[in-house]
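Report on the structure
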Amino acid sequence: MRRTLLVVTLAVLVSLAGCSGLGGDSADPSPEGDDSATPSADGNSTVESGDSTLDATDTNQSVTIEANESVNGSEWESLSVTYPRENFTVDSAQHEDIVLGADTTGDGVVDREFNETHISGVNNNDYSFTIELDTDYTLESGDVVVAAYPAVDNPSEPGEYTVEVMINEAQTANGTITITDDGN
């Protein structure tokens, strides 16, 4: 049931990726009243929290990133996410608790799903995690890679925080996650 809920959540995130206030490489906090995002040439990245309230612990963080030419034709080998080190805490997660997939058709639906058997390792420190993969899946430009990681503690200060997302140590994009007093 939990895995199904996460897959549905990821599908919703992928479908909203183009509509959200989260953007690509230049996704610094938007000026007040301007919720538009300008995608970068590096592709789009979004980061969402299952619980965006202050000091929430073990939140499920969902990440999407659109593959570009820098990873086109390469096997999907890793996904790394780095949070502001002074604000977020990343704990370790079990392989079976991580959800991975790819929307290969651009329709907002995860077409390829990967499970714990595709994860060769998960490395984390206090502010980042890297998922090492053995998927035999070749990335194409426009694929939207999706992941859910269930062990991130939110900061104690509200605000917009820039999070770096990286595919295969070859493509990097930034997303913005908003933490609020009331979770909205």
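Look a little higher up for the structure.
Computed from a prediction, not measured in an experiment: that's the story for all the values here. (Residues numbered from 1 in each chain as written. Predicted model: local features only at pLDDT ≥ 70, side-chain atom pairs only at ≥ 80, totals over all residues. Heavy atoms only, no water.)

1. Here's the deal with the pairing of strand S9 (residues 144-153)
- Buried residues dominate S9, accounting for 10 of its 10 residues.
- Examined bridge by bridge, strand S2 (residues 59-66) and S9 share seven bridges and lie antiparallel to one another. Across the sheet, the residue bridging to Ser62 is Ala148, located in S9.
- The pairing of strand S4 (residues 89-90) with S9 spans two bridges and is antiparallel. Counted as the bridge partner of Val90 is Val152 from S9.
- Note: strand S5 (residues 99-103) against S9, five bridges, orientation antiparallel. Across the sheet, residue Asp103 finds its bridge partner in S9, namely Val144. (Buried < 20%, exposed > 50% of the residue type's maximum accessible area, 1.4 Å probe, protein only. Helix = DSSP H or I, 4+ residues; strand = E, 2+ residues; numbered from the N terminus. Pairing = 2+ DSSP bridges.)

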